[in-house]
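Geometric and topological summary
Each chain, letter by letter, is given below.
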Amino acid sequence: MNAFWEEDHPAPESVVIAGTEVTKGSRVRLHPRAGGDIMDMALVGRIAIVESIQQDFEDNLYVAVIVEDDPGKDLGEARQPGHRFFFSAEEVEPLGPNW
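Report follows, based on the coordinates.

About the cut-offs
- Residues numbered from 1 in each chain as written.
- Predicted model: local features only at pLDDT ≥ 70, side-chain atom pairs only at ≥ 80, totals over all residues.
- Heavy atoms only, no water.
- Pairing = 2+ DSSP bridges.
- Helix = DSSP H or I, 4+ residues; strand = E, 2+ residues; numbered from the N terminus.
- Axes fitted to C-alpha atoms, helices over the stretch in contact; angles between N-to-C directions.
- Core = buried A, V, L, I, M, F, W, Y, C linked by side-chain atoms within 4.5 Å.
- Buried < 20%, exposed > 50% of the residue type's maximum accessible area, 1.4 Å probe, protein only.
- Contact = heavy atoms within 4.5 Å.
- Salt bridge = Lys/Arg side-chain N within 4 Å of Asp/Glu carboxyl O.

Right, let's talk about the sheet that holds strand β3 (residues 27-30) for a bit. A sheet is described by the order of its strands in space; here five strands give the open sequence β6-β5-β4-β3-β7, paired in antiparallel fashion. Single-partner strands in this sheet number two, and they are β6 (85-87) and β7 (92-94). When the angles between neighbouring strand axes are averaged without regard to direction, this sheet yields 50°. Both strand β4 (residues 47-55) and strand β5 (residues 61-67) contribute to a ladder of seven bridges, which runs antiparallel. In the sheet register, Gln54 faces β5, and the bridge partner there is Tyr62.

Pasting the structure below:
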């Protein structure tokens, strides 16, 4: 694996979900897939802020989010484990600017 893979293959800055462009800073409602772990169950219906769009080695896109009311969200902003979560586009619902 090339240590500079991310520099050579940057993830897109936005993704269109349900006809809405989602970028860093967008607000979304979380709908984790059924059969997930206990953390997924705790996050169902929560509002989150998109921290970034990520892409893996197989070109799958993920929305990295920080839960809006997480008292440790500063840790998520610092990309620390436990406060930054990854979801597929099918697992997030974009919220409009007036929500």
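As a further point, take the nonpolar core. Val28, Leu30, Val50, Val63, Val65, Phe87 and Val92 are the most contacted members of the largest nonpolar core, which has 15 residues in total. For this core, the secondary-structure elements that each account for two or more residues are β1 (14-17), β3, β4, β5 and β6. Leave out the neighbours within four places in its chain, and Val92 touches Ile17, Val28, Arg29, Leu30, Val63 and Phe87.

One non-glycine residue with positive phi stands out, namely Ala18, at about 50°. Along the chain, the position of Ala18 falls in the loop between β1 and β2 (20-23). Exposure remark for Ala18: the relative accessible area of 75% places this residue in the exposed category. Positive phi is not limited to glycine here, since Asp59 has a value of about 65°. Using a relative accessible area of 52% as the deciding quantity, one classes Asp59 as exposed.

A complete count under the given rule lists six salt bridges for this structure. The residue Glu93 makes a salt bridge to Arg29 at a minimum N-O spacing of 3.9 Å. Here Arg29 lies in strand β3 and Glu93 lies in strand β7, a separation of 64 residues in the sequence. Residue classification places Glu93 among the partly exposed positions, given a relative accessible area of 33%. Classification of Arg29 by relative accessible area gives buried; the value is 19%. Linking Glu51 and Arg79 is a salt bridge whose minimum nitrogen-to-oxygen distance equals 3.1 Å. Of this pair, Glu51 sits in strand β4 while Arg79 sits in the loop between α3 (73-77) and β6, and the two are 28 residues apart along the sequence.

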